[in-house]
Amino acid sequence: MGVLSLQFLRSGVAHNRPDPTQMREGELTMNFEATSKGLFFVDNDGGLVKVGPVEVSTSAPNSSPEGEAGNMVGELWYDENTEALKIWHNGQWKKVVQEPAGFSGTLLTDTQIVTVVNGIITEVE
């Protein structure tokens, strides 16, 4: 007797998201390409939902879509350019933690001393 294998609809193409109009509620699809992997399903409002790791890259997730365009509310991205964690909300990428407005002082990291005046970095040692 053979082993029964179950496979989801899948793609190995970067940023190839499924078209939610071609899926049923609760149907699972996946992208296993290393830079844009994730598991997807359609919610009861017909919206596409991504379940998966935070994308870590210099460009926003799905900025050059091969499949379904756009992003989902709550989707996370670590922007390597700005070294900021961002979340998709109200149609745009927003930093998860904003810099305090008007902060002045000295910040210490593992390797640097950073001087900030009115929210602007003025010196890095």
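As a reminder, the structure under discussion sits directly above these lines.
Residues numbered from 1 in each chain as written. Predicted model: local features only at pLDDT ≥ 70, side-chain atom pairs only at ≥ 80, totals over all residues. Heavy atoms only, no water.

Visitor: Can you break down the pattern of salt bridges residue by residue, with the values?
Guide: Considering all chains together, one arrives at three salt bridges under this definition. Between E75 and R17 there is a salt bridge; the shortest N-O distance is 2.5 Å. Of this pair, E75 sits in the loop between β5 (55-57) and β6 (76-79) while R17 sits in the loop between β1 (9-11) and β2 (29-31), and the two are 58 residues apart along the sequence. Across this residue pair, the class does not change: E75 and R17 are buried. Since its relative accessible area comes to 6%, E75 is described here as buried. Residues participating in the shared-partner salt-bridge network are R17, K50 and E75. (Salt bridge = Lys/Arg side-chain N within 4 Å of Asp/Glu carboxyl O. Helix = DSSP H or I, 4+ residues; strand = E, 2+ residues; numbered from the N terminus. Buried < 20%, exposed > 50% of the residue type's maximum accessible area, 1.4 Å probe, protein only.)

Visitor: Which residues make up the sheet that holds β2, and what values go with them?
Guide: With respect to topology, four strands assemble into an open sheet ordered β1-β2-β3-β4, the strand pairing being mixed. Unpaired on one side and paired on the other, β1 and β4 (48-51) mark the two borders of the sheet. On average, each strand axis in the sheet is tilted by 25° relative to the strand beside it, whichever way the strands run. Bridge count between β1 and β2: three bridges; the pairing is parallel. The partner of L9 across the bridge, within β2, is T29. (Pairing = 2+ DSSP bridges. Axes fitted to C-alpha atoms, helices over the stretch in contact; angles between N-to-C directions.)

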